[in-house]
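Listed below are the residues making up each chain.
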Amino acid sequence: MENNVREMTERCSVFSKCVDVDLDFQENLMSYNDDLLKIIRCCINNFIVNTDYSNGVLTVYGKSKIFLTYVSDASSNITTADFEEDFQKSINIEGNYEDVSAEVLVINRYSNFRVINQRRIDIHNAFALDIRITACTPINMIDDAENTLIRRDTVNYLSLIGSAFARAEFEEETIIPADSDVVRKIINTFSSVHCEETKIIKNKMLVKATAEFSILYTTDTEHEVIRRCEKSVSISKIIDLNGIDEGDNAIVNMAVGNIYVKPKADKNNELRMIELIGDVNMNVSVFRKVTAQLTTDSYATDKEITNTFSKVRLNVNGEFISDVLSAKATFQFDNIKIVEVADLSLNICDGKNIELNAFIRNQNSELIYVSQRKEIEMKSFSASAVYVKSFDYVINSENEIGIRYLIEFNAVKFEERTFSVVSDIQVTENDIADSPALVVYFADENELLWDIAKKFRTSVDLIKAENELKEDVLNNKRILLIPGM
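Just so it is clear, the model here is predicted, and its values are computed rather than measured.

1. Digging into the pattern of salt bridges
Applying the stated rule across the entire model yields 29 salt bridges. Salt-bridge contacts for E173 lead to K264; the nearest nitrogen and oxygen are separated by 2.2 Å. Of this pair, E173 sits in strand β9 (residues 149-175) while K264 sits in strand β13 (residues 249-264), placing them 91 residues apart in sequence. In this structure E173 comes out as partly exposed when scored by relative accessible area, which is 33%. In this structure, R404 engages D392 in a salt bridge whose closest nitrogen and oxygen atoms are separated by 3.2 Å. One end of the pair, R404, is in strand β20 (residues 400-431); the other, D392, is in strand β19 (residues 383-397), and 12 residues separate them in sequence. Judged by its relative accessible area of 35%, D392 falls in the partly exposed class. Each member of the salt-bridge network shares a partner with another, and the members are K63, K65, E84 and D86.

In structure tokens form, the structure reads like this:
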């Protein structure tokens, strides 16, 4: 007996884990940096630059960009310093796979610092890598077999066509207001980025994004004044990804990676422009709705056969979800009297917390940095891209800030389910005695006609015709006439 076999090559999740990373840095100010008197803010941006999978080990390569906003010991003015550190993390993956794709998202936990002297700072950096690895796990499935009855089940599922890591660069300028004094120093930059649109054609995807920047700078005057300006940057990137096509759906997670912000002279040679140079990291996953026929059982009416089964995992009950949620939050800061908010940023971190970061002035006109996270109610998704679409704030009291915000998300939801499919059929030498011409059978509710037909070595079609049935599952108890083959 000849078997017709086809190969199923579904991409499945083979590893999913959140891995903690703890790093310690010793940073020394450069010769052109002023001695520090007091640190206002120490900010660390951790991001991924590449991944590599080889011999069961995933290696993640990344960078930690460290930004200091501090008070100069010499002038008592606010100044800045920045540092860059490389990191890599190796994770053992049980099993040896081919055609591996790795999606790695950074979840910033916390950082703290210790001032050793006026030129050195020790920094502890703690974050997590949210890792999901998918791989093609090919299996054989019987498509047809001679003189054999095949059970085929229709399954609707979401197929992960592929994933990719990409980087889009940007270089933009913004002009400060004409009535403002010229720039002396950039002292802080809040940034965020989100996907605006994706367009997929065969093997290519266009991603359009918007990056938002809020920049604090000091004026070049006798008494420095802190000013703020904003800049919105449009970013586009064409990503090559084999196998994708029109009609597929993409989930795109984004984060600002490298960023360099500096004053720039205009045509009058005055520092009235601010230049932004950097890149955005994109993690892309593309899904497709698929309907497939799975061979889940077989038998012969005249021979004993042996079925060999293989396992395949599919993402069933899949749906794509896009929505905007509005909410409010209150952030309280003890032992601080808030007189003015110089700048404020609101972002989603690790998909379940909203984080406020702000520079405020207290009752002594000192610039102080505050930060706080609050857990928010979010549905659980299999994969999602979530960001703050817009927000506004008000100072409720001397130690409380109220926020109203909109969260937008694009997500995919599914259940991973394992199916057994027939991968081989072996015929024995044993013949089966002829079945009776007609049998009376007392069937139970919800019994499958396939199971009844297999038991009596007949076919589902014959049972349906004899009993005037249309469905493959009985909706109540009844007596059936089972015809022989």
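2. Looking at the environment of N203
One can find N203 in the loop between β10 (183-201) and β11 (204-219). Considered as a pair, N203 and D240 are 37 residues apart in the sequence and their alpha carbons are 5.9 Å apart.

3. Notes on the nonpolar core
Membership of the largest hydrophobic core comes to 35 residues, with the highest contact counts inside it found for M205, I235, M254 and M282. Those elements that provide at least two residues to this core are β9, β10, β11, β12 (226-240), β13 and β14 (273-299). Residue contributions to this core peak at seven residues, all from β11. The residues touching M205, leaving out its near neighbours within four places in the chain, are T198, K199, I200, K237, I238, I239, I244, A250, V284 and V286. Judged by nonpolar contacts, the second largest core, of 32 residues, contains V14, F15, L29 and I44.

4. Re the sheet that holds β11
Across the sheet, three strands lie side by side as β10-β11-β12; this open sheet has antiparallel pairing. The strands lining the two open edges of the sheet, one partner per strand, are β10 and β12. Within this sheet the neighbouring strands show an average axis-to-axis angle of 15°, counted without direction.

5. A closer look at unusual backbone geometry
Phi is positive for N335, close to 60°, though the residue is something other than glycine. Among the structural elements, N335 can be located in the loop between β15 (303-332) and β16 (340-349). What makes N335 exposed here is its relative accessible area of 83%. Positive phi values are uncommon outside glycine, yet R457 reaches one of about 55°.

6. As for helix α1 (residues 449-456)
Taken together, the buried positions of α1 are occupied by L449, W450, I452 and A453. The buried residues of α1 occupy an angular sector of 165° when projected down its axis, which confines them to one face. Contact partners of the buried residues in α1: β9, β14, β21 (438-443), α2 (460-467) and β22 (478-483). In the stretch just after α1, R457 is the one whose phi turns positive, near 55°.

7. What about the packing of aromatic side chains?
For the coordinates displayed, the defined rule picks out eight aromatic pairs. Considering the side-chain rings of F170 and F213, the 5.4 Å spacing of their centres and the 45° angle between planes classify their relative orientation as tilted. Within this pair, whereas F170 is found in strand β9, its partner F213 is found in strand β11, the two being separated by 43 residues in sequence. In terms of burial, F170 and F213 fall into one category: buried. Taking 5.0 Å as the distance between ring centres and 65° as the angle between the ring planes, the aromatic pair formed by Y299 and W450 counts as edge-to-face. Here Y299, found in strand β14, pairs with W450, found in helix α1; they are 151 residues apart in sequence, far enough to count as distant. Comparing Y299 with W450, the two get one shared label, buried. Three or more aromatic residues joined by ring pairs make a cluster, and in this case those are F190, F359 and Y369. Seen from the ring of F331, K374 lies directly overhead, with NZ or CZ sitting 5.8 Å from the centre.

Rules of the game
- Residues numbered from 1 in each chain as written.
- Predicted model: local features only at pLDDT ≥ 70, side-chain atom pairs only at ≥ 80, totals over all residues.
- Heavy atoms only, no water.
- Salt bridge = Lys/Arg side-chain N within 4 Å of Asp/Glu carboxyl O.
- Helix = DSSP H or I, 4+ residues; strand = E, 2+ residues; numbered from the N terminus.
- Buried < 20%, exposed > 50% of the residue type's maximum accessible area, 1.4 Å probe, protein only.
- Core = buried A, V, L, I, M, F, W, Y, C linked by side-chain atoms within 4.5 Å.
- Contact = heavy atoms within 4.5 Å.
- Pairing = 2+ DSSP bridges.
- Axes fitted to C-alpha atoms, helices over the stretch in contact; angles between N-to-C directions.
- Arc of directions from axis to C-beta.
- Phe/Tyr/Trp six-rings, centres within 6.5 Å; stacked < 30°, edge-to-face > 60°.
- Lys NZ or Arg CZ within 6 Å of the ring centre and 35° of its normal.

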